[in-house]
Amino acid sequence: ANQSILHCPAARLLSPRSAVLLEAVRGRKSRGDPVAKSKEGRIKEPPPVDPVEMVVLRERFSEYQLIMRALRLEFKEEVLRKKYQEETGSMAEERAKQEAEEHRALMAWNDQENQRLLKLRMLRLQKEKEEAERKWVEADIQREQEQQELITQREREILQLQEDAKNFITLENLDQRIEEALDNPKNYNFAINKQGRVVKQTVQQ
Amino acid sequence: MVHLSSFLLKNYHGGYVVIRLALAGHKQANRPFYRIVAAYNKRARDSKYIEQLGTYDPLPNIYNEKLVSFNFDRIKYWIGCGAHPTQSAAKLLGLAGFFPLHPMTITVAERQRAQTLQAETSTAEEDMREQSQKEADV
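All values derive from a computational prediction rather than experimental measurement.

### Points about the overall build of chain A
Turning to step 1, where the next piece is worked out: Within chain A, the regular secondary structure consists of 5 helices and 2 strands.
Turning to step 2, where the next piece is worked out: Listing every helix and strand of chain A by position from the N terminus yields α-α-α-α-α-β-β.
Turning to step 3, where the next piece is worked out: Out of the 205 residues belonging to chain A, those deemed buried represent 5%.
Turning to step 4, where the next piece is worked out: Pairs at least 24 residues apart make up 27% of the contacts formed inside chain A by residues separated by at least 6 positions.

### Details of the pairing of strand β1 (residues 17-23) of chain B
Residues and elements named next belong to chain B.
Turning to step 1, where the next piece is worked out: Of all 7 residues in β1, 6 are buried; the element is thus mostly enclosed.
Turning to step 2, where the next piece is worked out: Both β1 and strand β2 (residues 34-40) contribute to a ladder of 7 bridges, which runs antiparallel. Bridging across to β2, R20 finds its partner in V37.
Turning to step 3, where the next piece is worked out: Judged from the 2 bridges that link them, β1 and strand β5 (residues 84-85) form a sheet pairing that is parallel. Looking at β5, one finds that V18 is bridged to H84.

### As for the packing of helix α3 (residues 51-88) of chain A against helix α4 (residues 90-165) of chain A
All names here are of chain A.
Turning to step 1, where the next piece is worked out: Interhelical geometry of α3 versus α4 gives an angle of 30° and a closest axis separation of 5 Å. Here α4 runs roughly parallel to α3, going by the angle between their axes. α4 is crossed by α3, and the crossing has right-handed handedness. Taken together, the residues of α4 that come into contact with α3 (itself represented by Q85, E86, E87 and T88) are S90, A92 and R95.
Turning to step 2, where the next piece is worked out: Tallied by class, residues from the contact of α3 with α4 come to 1 nonpolar, 3 polar and 3 charged.

### Some thoughts on the confidence of the model for chain B
All names here are of chain B.
Turning to step 1, where the next piece is worked out: For chain B, per-residue confidence averages 89 on the pLDDT scale, and 91% of positions sit at 70 or higher.
Turning to step 2, where the next piece is worked out: The secondary-structure element of chain B with the lowest mean pLDDT is helix α3 (residues 103-137), recorded at 93, while helix α2 (residues 87-96) shows the highest, at 95.
Turning to step 3, where the next piece is worked out: Under the prediction, the complex receives an ipTM of 0.82, its pTM being 0.57.

### Side note on the interface of chain A and chain B
Interfaces are often sized by the accessible area lost when the parts come together.
Turning to step 1, where the next piece is worked out: Contact residues are listed per partner, giving 14 residues for chain A and 20 residues for chain B.
Turning to step 2, where the next piece is worked out: Of the roughly 1600 Å² buried between chain A and chain B, counting both surfaces, carbon and sulfur atoms make up 69%.
Turning to step 3, where the next piece is worked out: Considering only the surface of chain A that becomes buried against chain B, R60(A), Y64(A) and F75(A) emerge as the three largest contributors, covering 37% of it.
Turning to step 4, where the next piece is worked out: The interface formed by chain A and chain B contains 4 salt bridges.
Turning to step 5, where the next piece is worked out: Among the ionic pairs, E53(A) bridges to R111(B), the shortest N-O distance being 2.8 Å.
Turning to step 6, where the next piece is worked out: Put simply, chain A and chain B have 3 residue pairs in polar contact (both at pLDDT 80 or more) between them.
Turning to step 7, where the next piece is worked out: Considered class by class, the residues forming the side of chain A that touches chain B number 8 nonpolar, no polar and 6 charged.

### Topic: the nonpolar core
Turning to step 1, where the next piece is worked out: In terms of nonpolar packing, the biggest core is built from 21 residues, with I19(B), I36(B), L53(B), I75(B), W78(B) and F99(B) touching the most fellow members.
Turning to step 2, where the next piece is worked out: Elements that contribute at least two residues to this core include exactly α3 of chain A together with β1, β2, β3 (51-56), α1 (72-80) and α2 of chain B.
Turning to step 3, where the next piece is worked out: With 4 residues, α2(B) is the single largest residue contributor to this core.
Turning to step 4, where the next piece is worked out: In this view, F99(B) contacts Y64(A), M68(A), L71(A), I79(B), P85(B), A90(B), L93(B) and G94(B); residues no more than four positions away in its chain are not counted.

### Concerning the sheet that holds β1(B)
Residue and element names in this part refer to chain B.
Turning to step 1, where the next piece is worked out: Spatially, β4-β3-β2-β1-β5 is the arrangement adopted by the 5 strands of the open sheet, whose pairing is mixed. On the outer flanks of this sheet lie β4 (68-70) and β5, each paired with one strand and no other.
Turning to step 2, where the next piece is worked out: Bridge count between β2 and β3: 5 bridges; the pairing is antiparallel. Across the sheet, residue I36 finds its bridge partner in β3, namely G54.
Turning to step 3, where the next piece is worked out: Of the strands in this sheet, β1, β2, β3 and β4 are in contact with α1, which crosses β3 at around 125°.

### What about the side chain of E53(A)?
Turning to step 1, where the next piece is worked out: Secondary-structure assignment places E53(A) in helix α3.
Turning to step 2, where the next piece is worked out: Contacts of E53(A), omitting those with residues within four sequence positions, involve T107(B) and R111(B).

### Focus: the packing of aromatic side chains
All names here are of chain B.
Turning to step 1, where the next piece is worked out: Across all of its chains, the model carries 6 aromatic pairs over all chains by this definition.
Turning to step 2, where the next piece is worked out: Taken together, a centroid distance of 5.3 Å and an interplanar angle of 70° make the contact between Y77 and W78 edge-to-face.
Turning to step 3, where the next piece is worked out: When the ring of F98 is compared with that of F99, the centres are 5.6 Å apart and the planes differ by 20°; the resulting orientation is stacked. Assigned by exposure class, F98 and F99 land together as buried.
Turning to step 4, where the next piece is worked out: Of note, R74 hangs over the ring of Y77, and the distance from its end group to the ring centre comes to 4.4 Å.

### Concerning the confidence of the model for chain A
All names here are of chain A.
Turning to step 1, where the next piece is worked out: Summarising the model, chain A shows a mean pLDDT of 86, and 86% of its residues fall at 70 or more.
Turning to step 2, where the next piece is worked out: Taking the mean pLDDT of every element in chain A, the minimum, 47, falls on helix α2 (residues 10-14) and the maximum, 95, on α4.
Turning to step 3, where the next piece is worked out: Predicted confidence for residues 8-16 stays below pLDDT 50, and this span has 10 contacts to residues more than four positions away or in other chains.
Turning to step 4, where the next piece is worked out: Here residues 18-22 scores under 50 on pLDDT; set against residues more than four positions off or in separate chains, the count is 0 contacts.

Rules behind the numbers
- Residues numbered from 1 in each chain as written.
- Chains lettered and ligands numbered in written order.
- Predicted model: local features only at pLDDT ≥ 70, side-chain atom pairs only at ≥ 80, totals over all residues.
- Heavy atoms only, no water.
- Helix = DSSP H or I, 4+ residues; strand = E, 2+ residues; numbered from the N terminus.
- Buried < 20%, exposed > 50% of the residue type's maximum accessible area, 1.4 Å probe, protein only.
- Contact = heavy atoms within 4.5 Å.
- Pairing = 2+ DSSP bridges.
- Axes fitted to C-alpha atoms, helices over the stretch in contact; angles between N-to-C directions.
- Parallel < 35°, antiparallel > 145°, perpendicular 65-115°, else oblique.
- Left-handed = near helix turned anticlockwise from the far one by under 90°.
- Nonpolar A, V, L, I, M, F, W, Y, C, P; charged D, E, K, R; others polar.
- pLDDT = per-residue confidence, 0-100.
- Buried area = accessible area lost by both parts, 1.4 Å probe.
- Salt bridge = Lys/Arg side-chain N within 4 Å of Asp/Glu carboxyl O.
- Polar contact = N/O pair within 3.5 Å; in protein donor to acceptor, adjacent residues only side chain to side chain.
- Core = buried A, V, L, I, M, F, W, Y, C linked by side-chain atoms within 4.5 Å.
- Phe/Tyr/Trp six-rings, centres within 6.5 Å; stacked < 30°, edge-to-face > 60°.
- Lys NZ or Arg CZ within 6 Å of the ring centre and 35° of its normal.

This is the structure in structure tokens:
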């Protein structure tokens, strides 16, 4: 008979396990502050409990907690399943394969690009080499030409000198030349006016 | 007061995750607005949270509706990872239909209904009494 009384839900009310008195937990008074004058003789009591309502509430809460536990487990299972699928599911393998293929394709494209650029570079280098050779050759030709010109110029000068040497005054020509100079006096004086008119006819001294 | 700095280190994982209402920092007097948020237990109510999972506007709008929004996918994830909702968050979710109805919503509604019935019956009794007195006077 005792066991049957304990099993019915009302028995849970009559023998409460924990009788907790509410302590002051939060608020704006610190430790040493005295009680307010308006609250001096106050005895705080918890709100009154209706036993019928309490029984009904306990039932409802137990149901609620049951359902909540079940929901929690469901959601946990779903999370685990998603994680598993992410890591080691069929989709993961397909994705890995696709990524590998993409990688291969991209690497091939990269190699092609490198080849193309290599060819362009080789052409460019060739052209530059040819340009440089041409320039060298041209410079050589230029130098040779200049040397030739110099040589011709020197020869001309030599010839000029040779021709001038015919008119030089030597010991043999000395007397003849002196007499010629005395016979033909040269007058280097001239007159010039502001307009620039040169007059070479002057009075002989 | 417990010194909370050791709890606020970046990678502190000693606490647990809760789904609760946090005041969005609009800083307007008498105009609250809540965000439904997954945060660590020991963090302050309005400070850094892990993820926002919805909103709740406690003041009714011009059509007399209180607007609530939820991100059910992420709520499922967090509850699967072991988050606990607070009472008000659980009540809101219960009213939304995602959770079963919270027992306190039902009991509060019943109490209110009982009160209104009592008030009606008391006014009806007063009317009856007035009528009987008038008859007696006449």
